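Below, each chain spelled out in residue letters.
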Amino acid sequence: MSRRHVPPLALAAALLLYPLAVSGLNGAAFLQDVGATLLLAAISASAWNIVGGYAGQVSVGHAMFFGAGAYVPLLVFDLWQWPPLVGMPLGIAAAVLIALVIGTPTFRLQGHYFSMATIAVAELVRIVVSNWDLLGASIGIQGPATARGWWDLTFRSSVPYYYIFLGVLAVVLYATYRMERSRFGYYLRAIRAGERAAASLGVPVRRTKLMALATSAAFTAIAGSLYAFKLGYVNPEAGLGILVSVQMVITAALGGAGRLVGPLIGAIVLVPLQSATNSWFGGSGTGLTYILYGGIILLLARFEPGGLIVLWQRLRATFASKPEAVHAA
Amino acid sequence: MLLEAERVSRSFGGFLALSDATLTVEAGEIVGLIGPNGAGKSTFFNCVAGDLAPSGGRIRFNGIDVTYAPAERHAELGIGRTFQVPATFEELSILDNAMVGAFLRHHRRADAEAKAMEMLRLTGLDQIARQRAGILGTPGRKRLGIARVLATEPRLMLLDEALAGLTPSEIQQAIELVRRIHATGITIVIVEHIMEVILAGRARPGLQPGPHYRAGNTAGRRERPKGDRGLSRPPSEAPAPTSLGMTATPALEVANLQVRYGDLVGVADVSLRVAEGTVVALLGSNGAGKTTTLNAIAGLVRVSAGSIAWRGMEIAGLPAHAIVPRGLALSPEGWRLFVQQTVEQNLLLGATVLTDRAQLAPLLERAYQLFPRLAERRRQRAGTLSGGERQMLALGRALMSDPKLLMLDEPSLGLAPAVVEQLYDTLDRLHQHGLTILLAEQSVPLALEIADYAYVLQTGRTVLEGPAEQLERDEQVQRIYLGIAETAGEHRA
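Residues numbered from 1 in each chain as written. Chains lettered and ligands numbered in written order. Predicted model: local features only at pLDDT ≥ 70, side-chain atom pairs only at ≥ 80, totals over all residues.

**Section: the overall build of chain A**
Right, so step 1: Assigned secondary structure in chain A consists of 14 helices and 2 strands.
Right, so step 2: The C-alpha radius of gyration computed for chain A amounts to 20 Å, which stays within 12% of the reference 20 Å derived for 329 residues, consistent with globular compactness.
Right, so step 3: In terms of principal-axis extent, the alpha carbons of chain A reach across some 75 × 55 × 40 Å.
Right, so step 4: Relative to its full complement of 329 residues, chain A shows a buried share of 47%. (Helix = DSSP H or I, 4+ residues; strand = E, 2+ residues; numbered from the N terminus. Rg over C-alpha atoms; globule rule 2.2 N^0.38 Å. Buried ≥ 20, exposed ≤ 12 C-beta atoms within 10 Å, placed from the backbone.)

**What to know about the overall build of chain B**
Right, so step 1: Check the secondary structure of chain B and you find 19 helices and 19 strands.
Right, so step 2: Each of the 493 residues in chain B was classed as buried or not, and the buried ones make up 51%.
Right, so step 3: Partitioning the intrachain contacts of chain B with sequence separation of at least 6 by distance along the chain shows that 71% fall at a separation of at least 24. (Contact = placed C-beta atoms within 7 Å.)

**Focus: the interface of chain A and chain B**
Right, so step 1: In this assembly, 19 residues from chain A lie in contact with 24 residues from chain B.
Right, so step 2: Sorting the residues of the side of chain A that touches chain B by element identifies α7 (183-193) and α8 (195-200) of chain A as the ones contributing at least two each.
Right, so step 3: The element contributing the most residues to the side of chain A that touches chain B is α7 of chain A, with 6 residues.
Right, so step 4: Here the side of chain A that touches chain B is composed, by residue class, of 11 nonpolar, 4 polar and 4 charged. (Nonpolar A, V, L, I, M, F, W, Y, C, P; charged D, E, K, R; others polar.)

**With respect to the packing of helix α3 (residues 63-80) of chain A against helix α4 (residues 84-106) of chain A**
Residue and element names in this part refer to chain A.
Right, so step 1: Packing of α3 against α4 brings their axes to within 7 Å, and their N-to-C directions diverge by 145°. Taken as a pair, α3 and α4 cross one another with a handedness that is right-handed. For the pair α3 and α4, the contacting residues are Met-64, Phe-65, Ala-68, Gly-69, Val-72, Pro-73, Leu-74, Leu-75, Val-76 and Phe-77 in the first and Pro-84, Leu-85, Val-86, Gly-87, Met-88, Leu-90, Gly-91, Ile-92, Ala-94, Ala-95, Ile-98 and Ala-99 in the second.
Right, so step 2: Among the residues making up the contact of α3 with α4, the classes are represented as 19 nonpolar, 3 polar and no charged. (Axes fitted to C-alpha atoms, helices over the stretch in contact; angles between N-to-C directions. Left-handed = near helix turned anticlockwise from the far one by under 90°.)

**Here we look at the nonpolar core**
Right, so step 1: Counting residues in hydrophobic clusters, the biggest one holds 157 residues, and the most contacted among them are Leu-39, Ile-43, Ala-95, Phe-165 and Ala-190 of chain A together with Ala-98 and Val-100 of chain B.
Right, so step 2: Per-element tally for this core: the top contributor is helix α2 (residues 28-54) of chain A, with 14 residues.
Right, so step 3: For Ala-98 of chain B, the contacting residues outside a window of four places in its chain are Ala-116, Met-119, Leu-120, Ala-147, Arg-148 and Ala-151 of chain B. (Core = buried A, V, L, I, M, F, W, Y, C linked by C-beta atoms within 7 Å.)

**Section: the environment of Ala-174 of chain B**
Residue and element names in this part refer to chain B.
Right, so step 1: When you line up the elements, Ala-174 lands in helix α6 (residues 168-183).
Right, so step 2: As for Ala-174 and Ala-418, which are separated by 244 residues in sequence, their C-alpha atoms are 40 Å apart.
Right, so step 3: Ignoring anything within four residues of it in the chain, the contact list for Ala-174 reads Lys-142, Ala-162, Leu-163 and Leu-166.

**Thoughts on unusual backbone geometry**
Residues and elements named next belong to chain B.
Right, so step 1: For Glu-153, which is not glycine, the phi torsion reads 55° and is therefore positive.
Right, so step 2: Of note, Glu-153 is situated in the loop between α5 (138-150) and β7 (156-160).
Right, so step 3: Classification of Glu-153 as partly exposed rests on a count of 17 C-beta atoms within 10 Å.

**Some words on α2 of chain A**
Residue and element names in this part refer to chain A.
Right, so step 1: With 27 residues, α2 ought to run about 39 Å at 1.5 Å a step, and its terminal C-alpha atoms sit 36 Å apart, in line with that.
Right, so step 2: At Trp-48, α2 shows its largest kink, close to 45°.
Right, so step 3: Counting buried residues along α2, 22 of its 27 residues qualify, which places the element largely inside the surrounding structure. (Expected span 1.5 Å × (residues − 1). Bend = angle between axes of the 7 residues up to and from the residue.)

**Notes on the confidence of the model for chain B**
Residues and elements named next belong to chain B.
Right, so step 1: Per-residue confidence for chain B gives a mean pLDDT of 81; residues scoring 70 or more make up 82%.
Right, so step 2: The least confident element of chain B, judged by mean pLDDT, is helix α8 (residues 215-223) at 29; the most confident is helix α3 (residues 94-102) at 96.
Right, so step 3: Counting contacts from residues 199-247, a segment whose pLDDT is below 50, to residues more than four positions away or on other chains yields 100 contacts.
Right, so step 4: Counted against residues more than four places away or in other chains, residues 484-493, with its pLDDT under 50, gives 29 contacts.
Right, so step 5: Model confidence for the complex is summarised by a pTM of 0.71, with the ipTM given as 0.86. (pLDDT = per-residue confidence, 0-100.)

**Regarding the pairing of strand β17 (residues 436-440) of chain B**
All names here are of chain B.
Right, so step 1: The buried count for β17 comes to 5 of 5 residues, which makes it a mostly enclosed element.
Right, so step 2: Here β17 shows a buried face lined by Thr-436, Leu-438 and Ala-440 and a second buried face lined by Ile-437 and Leu-439.
Right, so step 3: Judged from the 4 bridges that link them, strand β12 (residues 279-283) and β17 form a sheet pairing that is parallel. Looking at the pairing, Leu-282 lines up with Ala-440 of β17.
Right, so step 4: Pairing between strand β16 (residues 405-409) and β17: 5 bridges, direction parallel. Across the sheet, residue Leu-405 finds its bridge partner in β17, namely Thr-436.
Right, so step 5: In the classification by handedness, the crossover that spans β16, the intervening helix α15 (residues 417-432) and the parallel β17 is right-handed. (Pairing = 2+ DSSP bridges. Right-handed = clockwise from strand over helix to strand, strands pointing away.)

**So, the pairing of β12 of chain B**
Residue and element names in this part refer to chain B.
Right, so step 1: β12 sits mainly inside the fold: 5 of its 5 residues count as buried.
Right, so step 2: Burial along β12 is two-sided: the face carrying Val-279, Ala-281 and Leu-283 and the face carrying Val-280 and Leu-282 are both buried.
Right, so step 3: Bridge analysis of β12 against strand β18 (residues 453-458) gives 4 bridges, and the strand direction is parallel. Pairing of Leu-282 across the sheet is with Tyr-455, part of β18.

**So, the environment of Gly-67 of chain A**
Residues and elements named next belong to chain A.
Right, so step 1: Take Gly-67: it is sitting in helix α3.
Right, so step 2: The sequence separation of Gly-67 and Leu-292 amounts to 225 residues, and the corresponding C-alpha distance is 23 Å.
Right, so step 3: For Gly-67, the contacting residues outside a window of four places in its chain are Val-125, Val-129, Gly-224, Gly-239 and Leu-240.

**Structural notes on helix α11 (residues 242-255) of chain A**
All names here are of chain A.
Right, so step 1: Over its 14 residues, α11 runs 20 Å from end to end, which matches the ideal 20 Å to within 8%, given 1.5 Å per residue.
Right, so step 2: Across the 14 residues of α11, 11 count as buried, placing the element largely inside the fold.
Right, so step 3: Residues Val-244, Ser-245, Gln-247, Met-248, Val-249, Ile-250, Thr-251, Ala-252, Ala-253, Leu-254 and Gly-255 constitute the buried set of α11.

Rendered as structure tokens:
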């Protein structure tokens with residue numbers, strides 16, 4: 001085991017032990033719940049990272065995939081009393097379908113125009129769902145109130161969710177890791193760095209982007225489903241609101257977009273900060289959340305667009321080179 | 001026949017960039033595309049590479065019709081291309097850059113890496129393969145661009161100005177590299193402005209696309225004596241050529257100008273003088289630094305070193321909006337019109353630096369007198385104008401700030417010969433009225449016809465200067481430095 005393996009292994013161990021470590025503390029349930037929320041944010045931001053980070057196609061409409069993943073499991077319960085878990089694959093399928101349908105026209109746009117188009121489509125979806133009685137309109141829909149069995153994934157404590165989320169996060173990160181090293185991953189980064197040059201080297205730009213969006217949508221839908229399992233209900237604002245999309249972007253960008261653990265790092269910083277400000281100032285505090293996000297965007301844009309990972313690398317490089325400078329002097 | 005391009009045309013809006021270009025390349029050849037700027041080399045190149053769809057004509061590669069195939073299909077079939085500006089994936093490592101290319105034929109990571117390393121060794125980049133590509137300077141980026149394409153295992157390589165921006169010794173190495181690549185059996189089509197390269201490389205000059213500046217057009221004009229252009233210049237007013245820009249106190253004096261774009265050197269060392277009331281031409285091939293020089297004088301790019309003095313006052317480093325009021329105006333390459341605005345609004349936007357509103361009406365009047373076509377179209381959106389009208393508008397807009405020095409960047413680019421003729425007549429008239437003109441132009445005969453004095457730029461340096469008549473007579477100068485149409489015409493395919 002070389003030295004570069006130490007930080008990731010330490011991080012993995014900390015995440016594994018966290019619920020147990022805080023179980024003795026005052027407000028353990030709250031802390032465990034924050035932990036689960038953190039992991040969920042890390043999953044959805046990691047999912048976003050595939051298309052938004054690696055491929056550089058900054059979607060600000062991922063809420064629609066999240067919403068598909070959240071609504072479908074609760075819908076199948078609402079209609080036919082199926083366990084929400086059964087609805088998850090359907091939710092994923094719906095998200096992939098949406099991705100393929102909206103990706104084809106929106107990928108004709110580039111840069112900010114693409115981002116704006118994704119916002120528009122996601123808002124459209126939210127407004128339609130808010131007025132669609134089958135989906136509970138603006139009230140939303142509810143999952144099973146009490147568990148009929150483990151398969152309903154309805155637990156009172158946050159700890160089972162925490163470990164489910166941790167398992168899913170591990171899967172997402174492993175998939176991303178494999179992708180990073182594959183031809184597909186190389187093609188995504190080439191597209192991000194320059195589409196024209198990428199195409200000249202034989203990268204099928206449109207198809208690759210579409211595949212990235214579909215993959216990303218599938219993982220985002222999983223995050224949505226997990227959200228629905230844990231909360232037991234979903235409404236248009238929580239499942240499809242623009243804040244859901246923005247949170248994915250900010251979380252990934254804060255840690256480092258296009259980096260494997262960037263979204264996780266971002267979530268580790270952002271979610272506790274958000275929970276703390278919300279509990280200090282009371283309420284769910286979306287207004288405050290906006291201010292927090294705005295501040296983060298400002299800081300990132302001004303000081304380190306590469307996010308915390310790049311900042312860390314830069315600091316380490318600065319400190320590492322210091323002793324040599326002394327030597328030379 | 002490996003590549004057959006038949007009567008390929010491409011227009012952008014009303015602007016015909018390429019008409020009826022025909023080129024055939026046999027397997028194993030090296031073919032050079034030469035010709036002045038505006039001849040359509042880049043457009044032709046991009047059509048063959050699949051970056052642009054032609055408006056007309058046929059392109060076949062190895063018998064397969066690729067006229068409308070996308071760029072990635074071209075790569076798949078074995079057509080590789082480099083870019084004039086290398087388009088490096090800066091955030092990726094040098095190895096990863098090459099691996100993107102290698103993945104085309106090797107889907108396994110290990111195979112792609114082996115192929116990429118092989119090509120990095122060939123191009124001499126293997127020692128720094130793990131470094132970020134962003135650290136590379138221009139020569140390194142060009143090498144990497146070549147390595148990346150080689151990794152796709154092309155049968156035909158299209159090299160777009162692989163040598164522009166390199167120093168002479170780097171150029172020698174690059175030529176060596178091109179020869180090595182050719183020796184491996186790859187067919188090469190190269191667009192290169194540095195004429196020695198193609199002439200010395202025993203390459204076959206391939207085509208002279210576009211009808212714009214064929215020898216016939218320009219030769220006729222050149223035989224006409226200077227000043228015999230309808231509005232003849234009074235002999236007494238014509239200053240003696242020898243004194244121009246040399247002894248007279250210059251209105252504009254640029255000394256050892258240097259402009260860098262990051263690692264890329266746009267202008268390495270340019271010095272020039274423009275005397276009051278003269279026309280000075282800035283000649284040289286594409287990438288020689290003409291545009292950058294003009295942009296630096298106009299304050300549009302940051303000057304890295306050197307000085308620019310206007311009527312004795314240092315203006316280097318001043319922002320563009322502070323330079324225009326001092327009497328310098330630029331009519332930029334590609335016109336840069338406000339296409340959503342009307343013709344008149346465009347003209348008025350050229351006059352924003354005027355402090356006295358009373359000047360506005362006479363200036364507008366003058367612009368419409370110079371270009372009656374603009375008066376006809378004053379309410380029309382600039383985006384609907386033809387290429388010639390756009391050039392008139394760009395020129396008219398520059399004149400609206402009532403400049404003392406008018407700078408023009410490639411005014412003839414992409415215009416029909418008749419329109420060019422008209423435009424140059426107008427410039428001549430402006431000159432008669434005492435306007436000082438600094439003109440960057442790739443169409444050498446045209447520029448020398450109107451200019452009193454000329455500077456030749458090559459790879460960002462002034463390499464030659466002299467009175468226009470003298471340069472006009474110097475065959476060697478024309479052939480080597482300016483690559484005029486005659487050279488290519490003799491070898492037309």
